[in-house]
Amino acid sequence: MADDVSAVATSETCTEVLSRIGDAVITDREFLEQVLTAALARGHVLLEDVPGTGKTLTALAFARALGLEFSRIQFTPDLLPSDITGSHVFNEHTGAFEFTRGPVFANVVLADEINRAPPKTQAALLEAMDEGQVTVDGTTRDLPDPFLVIATQNPVEQEGTFELPEAQRDRFTIKTAIGYPDRAGELELIERRSERETKLPTVEPVLDAAGVRTLQRVPERVSMSEPVRGYLVDLARATRADDRVEIGISPRGIQRYFEAARARAAIAGREYVAPDDIKRIAEPIMQHRLVLTTDAQIEGVDGSTVVRSVLDRVEVPAVDP
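Residues numbered from 1 in each chain as written. Predicted model: local features only at pLDDT ≥ 70, side-chain atom pairs only at ≥ 80, totals over all residues. Heavy atoms only, no water.

Caption draft 1: Structural view of the pattern of salt bridges. According to the stated counting rule, one finds 18 salt bridges in the structure shown. Residue Glu 30 is joined to Arg 264 by a salt bridge in which the shortest nitrogen-to-oxygen separation is 3.1 Å. You can see Glu 30 sitting in helix H2 (residues 29–40) and its partner Arg 264 sitting in helix H11 (residues 251–267), a full 234 residues away along the chain. By relative accessible area, which is 26% here, Glu 30 ends up partly exposed. For Arg 264, a relative accessible area of 3% translates into the label buried. With a closest N to O distance of 3.5 Å, Arg 308 and Glu 283 form a salt bridge. Of the two residues, Arg 308 sits in helix H15 (residues 303–313) while Glu 283 sits in helix H13 (residues 282–286), which places them 25 residues apart along the sequence. Three or more residues joined by partner-sharing salt bridges are found here, namely Arg 29, Glu 30, Glu 33, Arg 264 and Arg 280. (Salt bridge = Lys/Arg side-chain N within 4 Å of Asp/Glu carboxyl O. Helix = DSSP H or I, 4+ residues; strand = E, 2+ residues; numbered from the N terminus. Buried < 20%, exposed > 50% of the residue type's maximum accessible area, 1.4 Å probe, protein only.)

Given below as structure tokens:
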């Protein structure tokens, strides 16, 4: 893919990627666009769902469609940080310790059931997600570029789960869910399985690592007018003023919102961000960054409820393309 990619070419490429993934995963396009938005924005994705809805297959399909190296880390209560980052192993032939890379050294890393591991192990991903590097025994090593973490977590009410700390949730650009397919979708799932001999469908790559890096540069050329920037900031600030919220969106969250909005516009084939881009990604961007008051939690209020309320309250600017 050429470095100077037009908006139309970007949209066509993204459509092809989504189409290939959609052939493998039974889900709606909006969910797939949210994951791709995070990838273009150089962010990470948190998927919360019950087991068996296709989270692992989704991550694998994305890696294959983008032509990227994939690895999977199964988080368990006894998982150690070194199991993620790697460690030094003694080589009897050379008489020296050599670094053995952990599974985090891949382009797309599936952190499966991340909230089943204790906080210390969860934190091993923080440097990797923020800096694209890991430090082991005082030595810092760069991770592959591009680098995308797709973490899955079970609902916190399930047995054997740990609540992700606020600082770690804030590292994920988007939090979303696959959900159960409808009846027609589950019938199609069976039909697809009956037409092949393997359990996993084949996904042909649309890009390679260099192509993904080129695609990730496209949102940097997407403009956002002052009224739209003001709308984005006002939405985020409104979460801090909500009585049900103890801690609202952080300045880092606003930056991730800005980056994701430009990526969303790029997927749509536009060189500017429209207010609708801001609205469509508001919930997956902000819901997991809110810390609610105890009273709100007792009343069953969640982050999504607050975000929808904020969208209703904040005036949408009238903007000409």
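Caption draft 2: A look at the sheet that holds strand S8 (residues 148–153). Here we have 5 strands laid out as an open sheet, ordered S2-S5-S8-S1-S9, and parallel in their pairing. Looking along the sheet, the strands with just one partner apiece sit at the ends: strand S2 (70–74) and strand S9 (174–176). Neighbour to neighbour, the strand axes of the sheet diverge by 15° on average, direction disregarded. Examined bridge by bridge, S2 and strand S5 (residues 108–112) share 5 bridges and lie parallel to one another. Across the sheet, Gln 74 pairs through a bridge with Asp 112, a residue of S5. The sheet contacts of H2 involve strand S1 (45–48), S8 and S9, and relative to S9 the element is tilted by about 160°. (Pairing = 2+ DSSP bridges. Axes fitted to C-alpha atoms, helices over the stretch in contact; angles between N-to-C directions. Contact = heavy atoms within 4.5 Å.)

Caption draft 3: Here's a closer look at the nonpolar core. One finds Ile 150, Tyr 257 and Ile 278 to be the most contacted residues of the largest nonpolar core, which totals 67 residues. Counting residues per element, this core draws most heavily on H11, at 8 residues. By size, the runner-up hydrophobic cluster in this structure holds 25 residues, among which are Ala 117, Leu 125, Ala 128 and Val 149. (Core = buried A, V, L, I, M, F, W, Y, C linked by side-chain atoms within 4.5 Å.)

Caption draft 4: Just the environment of Ile 267, in detail. You can see Ile 267 is positioned in helix H11. Residue Ile 267 is classed as buried on the basis of its relative accessible area of 6%. Sequence separation between Ile 267 and Val 45 is 222 residues, and the spatial gap between their C-alpha atoms is 17 Å.

Caption draft 5: Up close: empty space enclosed by the protein. A full pass over the atoms with the stated rule returns 1 cavity of 30 Å³ or more. Computed from the structure, the largest cavity encloses a volume of approximately 90 Å³. If you go around the largest cavity, you meet 14 residues; those closest to its centre are Ala 39, Leu 66, Leu 68, Val 212 and Gln 216. Among the secondary structure elements, those contributing two or more residues to the lining of the largest cavity are H2 and helix H9 (209–217). Class assignment for the residues of the lining of the largest cavity results in 10 nonpolar, 3 polar and 1 charged. (1 Å grid on protein atoms, 1.4 Å probe; cavity = no way out; pocket = protein on both sides within 12 Å on 5 of 7 lines; lining within 4 Å. Points joined across faces, edges and corners; volume = space filled by probe spheres on them. Nonpolar A, V, L, I, M, F, W, Y, C, P; charged D, E, K, R; others polar.)

Caption draft 6: Fine view of the side chain of Arg 169. Within the secondary structure layout, Arg 169 lies in helix H7 (residues 166–169). Note on Arg 169: relative accessible area 13%, which makes it buried. In contact with Arg 169, other than residues within four places in its own chain, are Glu 163, Leu 164, His 288, Leu 290 and Val 291.

Caption draft 7: How the structure looks around the packing of aromatic side chains. With the rule as written, the count across this model stands at 2 aromatic pairs. Considering the side-chain rings of Phe 99 and Phe 105, the 6.0 Å spacing of their centres and the 70° angle between planes classify their relative orientation as edge-to-face. Phe 105 carries the same exposure label as Phe 99, and that label is buried. When the ring centre of Phe 99 is taken as origin, the NZ or CZ atom of Arg 141, which lies over that ring, is 3.9 Å away. Just above the ring of Tyr 272 sits the side chain of Arg 270; from NZ or CZ to the centre is 5.4 Å. (Phe/Tyr/Trp six-rings, centres within 6.5 Å; stacked < 30°, edge-to-face > 60°. Lys NZ or Arg CZ within 6 Å of the ring centre and 35° of its normal.)

Caption draft 8: Main features of the pairing of S1. With 4 bridges connecting them, S1 and S8 associate as parallel partners. Each bridged residue has a counterpart across the sheet, and for Leu 47 the counterpart in S8 is Thr 152.

These results come straight from atomic positions and should not be treated as a statement about function.
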